[in-house]
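Examination of the molecular architecture
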Amino acid sequence: MSDCIFCKIANGEMETELLYKDEQVVAFKDINPQAAIHFLIIPVKHIPTIYDLEEEDNQLVGHMYQVAKKLAEEYNIAERGYRMVANCKDDGGQVVYHVHFHLLGGEKLGDLC
Ligand code: 5GP
Ligand code: ZN
């Protein structure tokens, strides 16, 4: 997707410091952090929303959770805990239509539900 900002970050067209990168996934800091730690974990492949995930993407989604674990360990939030959030479409508060997990932590987070 040529006009997708997260595709540009994933393929290096938009300079962003990457915290993690492999063939399937990249992670980087959110530009507008909502917690002491606020990273975004995204697939390299363009998928607009979590509603668009297919069975064949199950391994990818599992891998994204494993990347979150690695980052949590690296940034010392594994022990105290963290939150993974995926907003979906308008009512879910999604702004960027390329699947991403928000990895939030480093402080006590407010209750969501
Ligand atoms: P959403 O609301 O779609 O779940 O979250 C999109 C997130 O992407 C927001 O938290 C926003 O701050 C972040 N974001 C938007 N544009 C950029 C960007 O160009 N660079 C980075 N690092 N984060 C971005
Ligand atoms: Zn994209």
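Presented here is a report on the structure given in the accompanying data block. (Residues numbered from 1 in each chain as written. Chains lettered and ligands numbered in written order. Predicted model: local features only at pLDDT ≥ 70, side-chain atom pairs only at ≥ 80, totals over all residues. Heavy atoms only, no water.)

**Some remarks on the sheet that holds strand 2 (residues 25–29)**
Pairing in this open sheet of 5 strands is antiparallel, and the strands run 1-2-3-5-4 from one edge to the other. Either end of the sheet is taken by a strand with one partner, and the two such strands are strand 1 (18–21) and strand 4 (82–85). Going across the sheet, the axis of each strand differs from the next one's by a mean of 20°, ignoring polarity. Pairing analysis gives 4 bridges linking strand 4 to strand 5 (residues 101–105), with the strands arranged antiparallel. Along strand 5, the bridge assignment pairs Met-84 with Leu-103. Contacts from helix 2 (residues 58–74) reach strand 1, strand 2, strand 3 (37–43), strand 4 and strand 5 within the one sheet, and its direction differs from that of strand 3 by about 150°. (Pairing = 2+ DSSP bridges. Helix = DSSP H or I, 4+ residues; strand = E, 2+ residues; numbered from the N terminus. Axes fitted to C-alpha atoms, helices over the stretch in contact; angles between N-to-C directions. Contact = heavy atoms within 4.5 Å.)

**Focus on the coordination of the zinc ion (ligand 2)**
Bound to the zinc ion (ligand 2) are the protein donor atoms Cys-4 (SG), Cys-7 (SG), His-46 (ND1) and His-98 (ND1), situated 2.0 to 2.3 Å from the metal. Here the zinc ion (ligand 2) is ringed by 4 donor atoms whose angles at the metal span 105 to 117°, and the overall shape comes out tetrahedral. Spacing between the donor residues of the zinc ion (ligand 2) along the chain follows C-x2-C-x38-H-x51-H. Judged by relative accessible area, Cys-4 falls into the buried class, the value being 6%. (Donors = N, O, S within 2.8 Å, 3.2 Å for Na, K, Ca; no water. Tetrahedral: all angles 85-135°; square planar, octahedral: opposite > 155°, others 65-115°. Buried < 20%, exposed > 50% of the residue type's maximum accessible area, 1.4 Å probe, protein only.)

**Focus on the site of ligand 1**
Near ligand 1 you find 17 residues, and of these Lys-29, Asp-30, Val-95, His-100 and His-102 are the closest. With respect to ligand 1, the backbone of Lys-29 contributes an N or O atom lying 2.8 Å from a nitrogen atom. Contact distances for ligand 1 include 2.9 Å between an oxygen atom and a backbone N or O atom of Val-96. For ligand 1, whose free accessible area comes to 520 Å², the fraction covered by protein is 84%. Of all the secondary structure elements, the ones that give two or more residues to the shell around ligand 1 are helix 1 (5–10) and strand 2. For the shell around ligand 1, the per-class residue count stands at 9 nonpolar, 6 polar and 2 charged. (Near = heavy atom within 4 Å. Polar contact = N/O pair within 3.5 Å; in protein donor to acceptor, adjacent residues only side chain to side chain. Areas by Shrake-Rupley, 256 points an atom, 1.4 Å probe, with all protein chains shown as cover. Nonpolar A, V, L, I, M, F, W, Y, C, P; charged D, E, K, R; others polar.)

**Side note on the nonpolar core**
Soluble, globular proteins show a tendency: their nonpolar side chains are buried together. Ranked by internal contacts, the top residues of the largest apolar core, which has 19 residues, are Val-25, Ile-41, Met-64, Leu-71 and Leu-103. Taken together, the elements giving at least two residues each to this core come down to strand 1, strand 2, strand 3, helix 2 and strand 5. If you tally residues by element for this core, the top one is helix 2, at 6 residues. Those residues within four positions of Ile-41 in sequence are excluded, and the remaining contacts are Val-25, Val-26, Ala-27, Met-64, Val-67, Ala-68, Leu-71, Met-84, Val-99, His-100, Phe-101 and Leu-103. Core analysis: the next-biggest nonpolar cluster, separate from the first, contains 9 residues, Phe-6, Ile-9, Ala-10 and Leu-40 among them. (Core = buried A, V, L, I, M, F, W, Y, C linked by side-chain atoms within 4.5 Å.)

**Quick look at the packing of aromatic side chains**
Here the distance between the centres and the angle between the planes together describe a pair of aromatic rings. Summed over all chains, the structure comprises 3 aromatic pairs. Pairing Phe-6 with Phe-28 gives two aromatic rings, centres 5.5 Å apart and planes at 75°, and the pair type is edge-to-face. In this pair, Phe-6 is assigned in helix 1 and Phe-28 in strand 2, connecting sequence segments 22 residues apart. When sorted by exposure, Phe-6 lands in the same class as Phe-28, which is buried. Between the aromatic rings of Phe-39 and Tyr-75, the centroid separation amounts to 4.8 Å while the plane-to-plane angle is 70°, which identifies the pairing as edge-to-face. You can see Phe-39 sitting in strand 3 and its partner Tyr-75 sitting in the loop between helix 2 and strand 4, a full 36 residues away along the chain. (Phe/Tyr/Trp six-rings, centres within 6.5 Å; stacked < 30°, edge-to-face > 60°.)

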